[in-house]
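# Reading the structure
What follows is the residue order along each chain.
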Amino acid sequence: SGLLPDSIPSSQSNTTMRLASPILSSALQCGPAQCNTRDLNLTNPVVLIFSHPPELMQAMQDGSVMCVFWEFANSEGSNGQWSTEGCTRNDTASNEFQTVCECNHLTHFALLLSTTEITLTSAEALSLRIIGIICVTISLVCLTATILTFVFLRSLWSMRSYIHINLCVSLFVAQLTFIVAVEPRGSV
């Protein structure tokens, strides 16, 4: 856990904003002290390129990835917060492997991803539970058939057969535990 929060609640009740990139920092040295990088009048925006896995591209197309910077404590006494003021995402320069942000100041930058919690109705949760039980039961029947095949067909016996039997028994126990012990959940 770092100095800056990696998630913030959103104004929407079931949405959370999460960091989707490392934090990039930039500053200028103006004589013996640092400049106030928020008040610089930059003629061209600062271009920041964030690399990311291709899975993030779908979220970008949905518009749920934002270029943000850390706005330090203000006069109301807050500790600071992520803000989009002065930072925009350049969609034409961004691709599936990188996101390009343009900001009109220098500070600490990152990408925030909007995530939404999915809440299931009781009927949906029951349907998923029933489908899960049916699929795991079919898998248990097939594992049983595989174990019995290896045990009773002596022509298949070898070290490889013992490995397969142990694997099948382990999967059988894990799936049986899933059916018996795992409680249904209301949200995914």
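Below you will find a few notes about this structure. (Residues numbered from 1 in each chain as written. Predicted model: local features only at pLDDT ≥ 70, side-chain atom pairs only at ≥ 80, totals over all residues. Heavy atoms only, no water.)

## Some remarks on a nonpolar patch on the surface
To keep it simple, the criterion reads: Nonpolar side chains (Val, Leu, Ile, Met, Phe, Trp, Tyr) within 5 Å and like charges within 9 Å form the patches, drawn only from residues with over 30% relative accessible area and no salt bridge. Throughout, the Shrake-Rupley method with a 1.4 Å probe supplies accessible areas, and for residues the shown protein chains are the sole cover considered. A pairing counts as a salt bridge when a side-chain nitrogen of Lys or Arg comes within 4 Å of a carboxyl oxygen of Asp or Glu. Only DSSP runs of H or I covering at least 4 residues are called helices, and only runs of E covering at least 2 are called strands; the numbering of each starts at the N terminus.
On the surface, Leu 153, Leu 156, Trp 157, Met 159, Tyr 162 and Ile 163 cluster together into a nonpolar patch covering about 630 Å² of accessible area. Along the chain, the position of Leu 153 falls in the loop between α2 (122-152) and α3 (159-181).

## Observations concerning the side chain of Thr 107
Basically, it comes down to this: Exposure categories follow from relative accessible area, calculated using a 1.4 Å probe and restricted to protein chains: below 20% of the type maximum is buried, above 50% is exposed, and the middle band is partly exposed. N or O atoms closer than or at 3.5 Å make up a polar contact, with two conditions inside protein: a donor-capable atom paired with an acceptor-capable one, and, for residues adjacent in sequence, both atoms drawn from side chains.
Locating Thr 107 in the fold gives a position in the loop between β10 (98-103) and β11 (108-116). The class of Thr 107 is buried, set by a relative accessible area of 6%. Within the local environment of Thr 107, its side chain forms a polar contact with the backbone oxygen of Trp 70, the two atoms lying 3.5 Å apart.

## Quick word on the state of the cysteines
The condition that has to hold: When two cysteine sulfur atoms lie within 2.5 Å, the pair is treated as a disulfide.
Counted by the stated rule, this structure contains two disulfides. Shown here is the disulfide that connects Cys 67 with Cys 101, its sulfur atoms set 1.9 Å apart. Taking the torsion about the sulfur-sulfur bond, which here is approximately -75°, the covalent link between Cys 67 and Cys 101 counts as left-handed. Taken as a pair, Cys 67 in strand β7 (residues 65-72) and Cys 101 in strand β10 lie far apart in primary sequence, 34 residues in all. Owing to a relative accessible area of 1%, Cys 101 belongs among the buried residues under this scheme. A sulfur-sulfur separation of 2.2 Å characterises the disulfide bridge that pairs Cys 87 with Cys 103. Judged by the sign of its S-S torsion, about 120°, the cystine formed by Cys 87 and Cys 103 is right-handed. Of this pair, Cys 87 sits in strand β9 (residues 87-89) while Cys 103 sits in strand β10; the two residues are 16 residues apart in sequence, bridging distant segments of the chain. The exposure classification of Cys 87 matches that of Cys 103, with both residues buried.

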